[in-house]
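# Analysis of the macromolecular model
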Amino acid sequence: MRSKFFIFLGLLMMPVMASGQDSNQQKLNVFIDCRGCSESFIQTEIKFVNFVRDQSDADVHILVVRQRTGSGGRQYTINFMGRGILIDESEVIKFNSPQQDTDEIERNRLVQHIGLGLIGFMTDRDILADIELIYSQPEAEEETQEPEEDPWNNWLFEISASTDLSGEERRKTFRLQGGVEARRVTENWKVELDYRRNFNRRTFRTNNDDGTTSSNSFIIESQRYFGLVGKTINNHWTIGAYTRARSSTQDNIDYNFGATPTIEYSLYPYSEFTRREITFRYGMLAMQQNYTDSTIFNKTEEFLLRQEFNVRVDFTQPWGGLRAYLEAGNYMNDFSRNRFRIGGRLNMRISRGLSVFISANYSIINDQISLPKGDSTDEEVLLNLRQQATSFNYDGSVGFSFNFGSLYNNVVNPRL
């Protein structure tokens, strides 16, 4: 009797279950891959698709890439890639969000463009009849109206400053940093000028044998200037120059200034940088360097020539992302004074629900020419007040994530 009851209950539920499945099947299954934006907001605003948690279940894979524009805003490149029966369909939409846009305006623009891009993948689905498009016609403009002139000629300036204070009964830290930046970016030219200054003071209070207390303060100061001028040759070649200046109590550098003429080649056209990029750069640095204290090479100042070679790799693909670099350089007066750095990070989808990441960096260091004479005190070593001699450094990490469960993830619950 009990078994007949469950059979009867199952027959009653079948139409309801079938109705829910048909409703889901009418909707497009979408996997959103938006690194650095609010995926939860996109899911709550776009109701006419099912957002799935694994790209294997998707009819459309959306890959969103953000880049900074010359005016300080962001350019979004939205790649719509069909899967399964839609494998031959794809679409790319780009739009700019100016710097003056608030976060609310920016994310609404993104939702609007994603929603419009999805319409083209739904032409054979009944749910398309339930979607209503509203067009807000802009105010009419005279055809003879001239383009608005830019009084700043594409220049953008930024002034920044910050400070933080932390402490407890026996120690406290005060940090102050600020900077000025100017840049101008056009199709043919790229100019960047950047100045930064940092101040860091750490104070420690200790108890003396006679019952009194004393305090000791340790200060690290640095300032840095960086300039870049780049000229576009074509879609693969760029020429330019870097200018640099800095001082650092930690690195025993009282003052240095240098310039680096350079040339860069891009294996892929620069226009494809949002998806794939491999560049090679070579430059020759000419630099005058003055030291705070005499170095281990008995130098208080010197003029240096240094050649530099860099390779940069950046791939953003549906399977994940890869960023890698290789840097090599040496001083021309002594090739044994050199440095080699290599590293990168790989994020990769292995199978359904399983992703891994690997990150590693390694440096061979033979060019610490600014090391001061003499031994370091315990305070300088423990508080990193002074650069320490080393022939290498490294860091690395590895990890994975595995998720399983419900296919759809349309619900966003912000409570608690």
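Residues numbered from 1 in each chain as written. Predicted model: local features only at pLDDT ≥ 70, side-chain atom pairs only at ≥ 80, totals over all residues. Heavy atoms only, no water.

### Observations concerning the overall build of the protein
- What the protein contains, in helices and strands, is 4 helices and 17 strands.
- Pairs at least 24 apart in sequence give 55% of the contacts found in the protein among residues at least 6 apart.
- Just so you have it, the protein exposes about 26700 Å², and 54% of that area is on carbon and sulfur atoms. (Helix = DSSP H or I, 4+ residues; strand = E, 2+ residues; numbered from the N terminus. Contact = heavy atoms within 4.5 Å. Areas by Shrake-Rupley, 256 points an atom, 1.4 Å probe, with all protein chains shown as cover.)

### Quick look at the environment of isoleucine 239
- Take isoleucine 239: it is sitting in strand 10 (residues 237–248).
- Isoleucine 239 gets classed as partly exposed once you look at its relative accessible area, which sits at 40%.
- Sequence separation between isoleucine 239 and isoleucine 263 is 24 residues, and the spatial gap between their C-alpha atoms is 4.4 Å.
- Once you skip the residues sitting within four places of it in the chain, isoleucine 239 turns out to touch Val229, Gly230, Lys231, Ile233, Thr262 and Ile263. (Buried < 20%, exposed > 50% of the residue type's maximum accessible area, 1.4 Å probe, protein only.)

### Some words on a negative patch on the surface
- Side chains of Asp88, Glu89, Asp124, Asp126 and Asp130 sit close together on the surface and give a patch of like negative charge.
- The topology assignment puts aspartate 126 in the loop between helix 3 (103–119) and strand 6 (155–167). (Patch = residues over 30% accessible without salt bridge, like charges linked within 9 Å, V, L, I, M, F, W, Y side chains within 5 Å. Salt bridge = Lys/Arg side-chain N within 4 Å of Asp/Glu carboxyl O. Lys, Arg positive; Asp, Glu negative; His and termini not counted. Charge placed at Lys NZ, Arg CZ, Asp CG, Glu CD.)

### A closer look at a positive patch on the surface
- Together, Arg170, Lys172, Arg201 and Arg205 make up a region of like positive charge exposed at the surface.
- With respect to the helices and strands, the residue lysine 172 is situated in strand 7 (residues 171–185).

### Some thoughts on the nonpolar core
- Formed by 27 residues in total, the largest nonpolar core has its most connected members in Ile62, Leu110, Ile114 and Leu118.
- Within the residue set of this core, elements represented by two or more residues are strand 1 (28–34), helix 2 (39–45), strand 2 (49–51), strand 3 (60–68), strand 4 (74–82), strand 5 (90–97) and helix 3.
- Beyond its immediate sequence surroundings of up to four residues, leucine 110 is in contact with Cys34, Cys37, Ile42, Val64, Tyr76, Ile78 and Phe95.
- Counting residues in each nonpolar core, the second largest holds 6 residues, with Leu285, Tyr291, Tyr331 and Ile369 among its members. (Core = buried A, V, L, I, M, F, W, Y, C linked by side-chain atoms within 4.5 Å.)

### What to know about the sheet that holds strand 16 (residues 354–365)
- The strand order across the open sheet formed by 12 strands is 6-7-8-9-10-11-12-13-14-15-16-17, and the pairing between neighbours is antiparallel. Where the open sheet ends on each side, the last strands, each with one partner, are strand 6 and strand 17 (392–402). Averaged over all adjacent pairs, the angle separating strand axes in this sheet is 10°, with direction ignored.
- Relative to strand 10, strand 9 (residues 213–232) runs antiparallel, the two sharing 11 bridges. (Pairing = 2+ DSSP bridges. Axes fitted to C-alpha atoms, helices over the stretch in contact; angles between N-to-C directions.)

### Observations concerning the pattern of salt bridges
- With the rule as written, the count across this model stands at 23 salt bridges.
- With a shortest N-O distance of 3.8 Å, arginine 306 and glutamate 308 are connected by a salt bridge. Comparing arginine 306 with glutamate 308 shows no difference in burial state: the two are buried.
- Each of the salt bridges in this network shares a partner with another, and the network as a whole consists of Glu181, Arg183, Asp194, Arg196 and Arg224.

### Some words on the pairing of strand 11 (residues 253–266)
- Where strand 10 and strand 11 come together, 11 bridges link them in antiparallel fashion. In the strand pairing of strand 11, tyrosine 242 is matched with threonine 260.
- Hairpin remark: strand 10 followed by strand 11, antiparallel, with 4 residues in the connecting loop; positive phi at asparagine 252, about 65°.
- Pairing of strand 11 with strand 12 (residues 276–291), which is carried by 11 bridges, proceeds in the antiparallel orientation. Looking at strand 12, one finds that glycine 258 is bridged to methionine 287.

### Overview of the sheet that holds strand 3
- Read from one edge to the other, the open sheet built from 5 strands follows the order 2-1-3-4-5, with strand pairing classed as mixed. In this open sheet, the two strands that pair with only one neighbour each are strand 2 and strand 5. Taking the axes of each pair of neighbouring strands and ignoring which way they run, one obtains an average angle of 25° across the sheet.
- Two strands pair when backbone bridges link them, and strand 1 and strand 2 are joined in this way by 3 bridges, in the parallel orientation. The residue bridging asparagine 29 from the neighbouring strand is asparagine 50, located in strand 2.
- Where helix 3 meets the sheet, its contacts fall on strand 1, strand 2, strand 3, strand 4 and strand 5, and the angle it forms with strand 4 comes to roughly 25°.

### Considerations on the side chain of aspartate 194
- Counting through the fold element by element, aspartate 194 comes out in strand 8 (residues 189–207).
- Assessed through its relative accessible area of 12%, aspartate 194 is described here as buried.
- A distance of 3.0 Å separates polar atoms of two side chains, one belonging to aspartate 194 and the other to arginine 196.
- Polar side-chain contacts of aspartate 194 include one of 3.2 Å to the side chain of arginine 224.
- In contact with aspartate 194, other than residues within four places in its own chain, are Val180, Glu181, Arg224, Tyr225 and Phe226. (Polar contact = N/O pair within 3.5 Å; in protein donor to acceptor, adjacent residues only side chain to side chain.)

### Quick look at the pairing of strand 14 (residues 320–331)
- Sheet topology places strand 13 (residues 301–317) next to strand 14; 12 bridges connect them, and they run antiparallel. Paired with glutamate 308 across the two strands is glycine 329, which belongs to strand 14.
- Linking strand 13 to strand 14, which pair antiparallel, is a turn of 2 residues.
- Sheet topology places strand 14 next to strand 15 (residues 334–351); 12 bridges connect them, and they run antiparallel.

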